[in-house]
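# Chains, contacts and geometry: an overview
Letter by letter, the chains look like this.
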Amino acid sequence: MAGIPQHPTFTSEPEPAWDVALLFPSQGDWSEGDFLALDTNHLVELVDGSLEVLPMPTTTHQLIAAFLHHLLTQFVSAGKLGVVFFAPLPIKIRGKTMREPDILFVARQHQPKSNDTFLAIADLVMEVVSPGAEARDRDYNQKRADYAALGINEYWIVDPQIQRITILSLHGGQYRVDGEFEVTQSAVSTLLHGFTVDVSAVFAAANVLN
């Protein structure tokens, strides 16, 4: 009896994050050192040993982030409360996971050392939501869980698509929505007493090119 033909055996290999990553470790095998040594003009985050390639910021994203960074820096500097950073600057969430919030406030008692390549803690972070379902899930769900797990006291989700700012504060290790602020309202920080932002002005900041 003729032997039964054998089908070839295929093995699945981890997919690269993007083509140039063929030169780098496989997905799931990236270390924090590999990530910090990465030289690329892409925006990337390290999540459980895998690279997530983020969409490049639009002009709307950049103008809104710059406006908020300016307001927050003015407030923090006036009160000598700490320091404000902006992306790209990684913050370590856990082993083999680093995020890059658009804006980070670090209180004076938590300030990092000079020349640190990443942060270990922040007191407040802001994300400007990029278009698309994947970006929305990342900012509203995945990063919400990550920032809460790290113990970041306040998280601002700034959403140009629906022109709303959601502010969450940490309670018992979980985020609670303190407010969802629409155009004509002012977003009010719970952590930084006296820091308020005109929501209309935030989204109007992106209209300077029109």
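Here's a quick rundown of the structure. Note that the coordinates shown come from a computational prediction; the quantities given were computed from them, not determined experimentally.

## A few points about the sheet that holds strand 8 (residues 154-159)
- The strand order across the open sheet formed by six strands is 3-6-7-8-9-10, and the pairing between neighbours is mixed. Sheet topology places strand 3 (82-86) and strand 10 (174-182) at the edges, where each strand pairs with a single neighbour. The average undirected angle you get between the axes of adjacent strands in this sheet is 15°.
- Across five bridges, strand 3 lies against strand 6 (residues 103-107) in antiparallel orientation.

## Quick word on the side chain of E154
- Tracing the sequence through the fold places E154 in strand 8.
- There is no salt bridge for the buried E154, and the closest opposite charge comes from R176, which lies 9.4 Å off by N-O distance.
- For E154, the side chain forms a polar contact with the side chain of W156, separated by 2.7 Å.
- In this structure the side chain of E154 is engaged in a polar contact, spanning 3.0 Å, whose partner is the backbone nitrogen of T190.
- For E154, the contacting residues outside a window of four places in its chain are D123, L124, V125, I167, L168, Y175, S189, T190 and L191.

## Description of the packing of aromatic side chains
- Applying the stated rule across the entire model yields four aromatic pairs.
- Between Y147 and Y155, the ring centres sit 5.1 Å apart and the planes meet at 85°, which makes this aromatic pair edge-to-face. Each member of the pair Y147 and Y155 is classed as buried.
- Measuring from centroid to centroid gives 6.0 Å for Y155 and Y175, while their planes differ by 40°, and the two rings are tilted.

## Quick notes on the layout of surface pockets
- Estimated volume of the largest pocket: approximately 420 Å³.
- In terms of lining residues, the largest pocket is bounded by 25 residues, among which L43, P57, H61, A87 and D102 are the most central.
- It is helix 2 (residues 59-79) that provides the largest number of residues to the lining of the largest pocket, a total of five residues.
- Across the lining of the largest pocket, the residue classes tally to 14 nonpolar, four polar and seven charged.

## Structural notes on the environment of F195
- Along the chain, the position of F195 falls in the loop between strand 11 (186-188) and strand 12 (196-198).
- Residues F195 and L72 lie 123 residues apart in sequence; the distance between their C-alpha atoms is 7.9 Å.
- Beyond its immediate stretch of four places on either side in the chain, F195 contacts L71, L72, F75, M126, W156, A187, V188 and S189.

How each quantity is defined
- Residues numbered from 1 in each chain as written.
- Predicted model: local features only at pLDDT ≥ 70, side-chain atom pairs only at ≥ 80, totals over all residues.
- Heavy atoms only, no water.
- Pairing = 2+ DSSP bridges.
- Helix = DSSP H or I, 4+ residues; strand = E, 2+ residues; numbered from the N terminus.
- Axes fitted to C-alpha atoms, helices over the stretch in contact; angles between N-to-C directions.
- Buried < 20%, exposed > 50% of the residue type's maximum accessible area, 1.4 Å probe, protein only.
- Lys, Arg positive; Asp, Glu negative; His and termini not counted.
- Salt bridge = Lys/Arg side-chain N within 4 Å of Asp/Glu carboxyl O.
- Polar contact = N/O pair within 3.5 Å; in protein donor to acceptor, adjacent residues only side chain to side chain.
- Contact = heavy atoms within 4.5 Å.
- Phe/Tyr/Trp six-rings, centres within 6.5 Å; stacked < 30°, edge-to-face > 60°.
- 1 Å grid on protein atoms, 1.4 Å probe; cavity = no way out; pocket = protein on both sides within 12 Å on 5 of 7 lines; lining within 4 Å.
- Points joined across faces, edges and corners; volume = space filled by probe spheres on them.
- Nonpolar A, V, L, I, M, F, W, Y, C, P; charged D, E, K, R; others polar.

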